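Spelled out from the first residue to the last, the chains are:
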Amino acid sequence: MISSIFAAIAPLPVAARTITVDGNSASYAGEWLAGDQWQTDPQGDIAGGTIFGYDLEALWGHYDEANDTMYFRLDVWGTPADLDGNGNTGTVCDIPPGDCAGVGQYEQYTIILSDNTEDSGLPGAVLEYKNNAVAHIDGSAQWGSNCVEFKLLHASNYIDPIDFCIVVAAGGMVDLPGEDVMRYCLSEVEVSLLTPFGIITLVGILSILGLWRVRRKQ
Ligand SMILES: [Ca+2]
Ligand SMILES: [Ca+2]
Ligand SMILES: [Ca+2]
């Protein structure tokens, strides 16, 4: 009975929302929505000193299901890619601090993705952005005047896009202060309902309606 009811409901199409990975707020409109901000982080919370453009301020995320692409955005308290806080992203490549051109060889923004509540059997992913590149076949990133944006293609090959944990680390590799770190997890919401047809889960219902991408903070 219930299966026939659900079979009569066609899944809703999933609208694509792609993001230009350029680190520039000029392209935020229509890309990032208020609900995409997952976590905020204090200023000056790094042991041993300040790291300016590597001092994390906020983590944003968006899964474009239609294209199986995961996006992340890192806001920072200083100028992105400026490790020593002089407002220039690459004038002092001497070490320390090693503030080389852009996200240079001694600077990094790193995103580590792994399983959350369930064992997906998927490998996760490490997107280390340094020396102005991400050494991952499906990963890329770009710093700009306003933030650092990441993209992971074929995201579902690496993680369950609605049930995973992310660790963000940022800082210099040859400077004195430590790294700034943020942690955040997404998980599915499963609510059991007692119906005339028995106990079913909310996730199961919403999956059939094409509305199953529900998340909550942990
Ligand atoms: Ca911070
Ligand atoms: Ca600098
Ligand atoms: Ca730099």
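Residues numbered from 1 in each chain as written. Chains lettered and ligands numbered in written order. Predicted model: local features only at pLDDT ≥ 70, side-chain atom pairs only at ≥ 80, totals over all residues.

## Regarding the pairing of strand β5 (residues 125-130)
Okay, step 1: On β5, burial follows the alternation: Ala125, Leu127 and Tyr129 on one face are buried, whereas Val126, Glu128 and Lys130 on the facing-out side are not.
Okay, step 2: With two bridges joining them, β5 and strand β6 (residues 133-134) adopt antiparallel strand pairing. For Lys130, the partnering residue across the bridge sits in β6 and is Ala133. (Buried ≥ 20, exposed ≤ 12 C-beta atoms within 10 Å, placed from the backbone. Helix = DSSP H or I, 4+ residues; strand = E, 2+ residues; numbered from the N terminus. Pairing = 2+ DSSP bridges.)

## Points about the environment of Tyr71
Okay, step 1: Along the chain, Tyr71 falls in strand β3 (residues 69-76).
Okay, step 2: Given 22 C-beta atoms within a 10 Å radius, Tyr71 is considered buried.
Okay, step 3: In this structure Tyr71 touches Ile19, Gly61, His62, Asp64, Glu149, Phe150 and Lys151, once residues within four positions along its chain are discounted. (Contact = placed C-beta atoms within 7 Å.)

## Considerations on the pairing of β3
Okay, step 1: Burial analysis of β3 places seven of its eight residues in the buried class, which makes it a mostly covered element.
Okay, step 2: Examined bridge by bridge, strand β2 (residues 56-64) and β3 share eight bridges and lie antiparallel to one another. Residue pairing in the sheet places Gly61 in a bridge with Phe72 of β3.
Okay, step 3: Both β3 and strand β8 (residues 148-152) contribute to a ladder of five bridges, which runs antiparallel.

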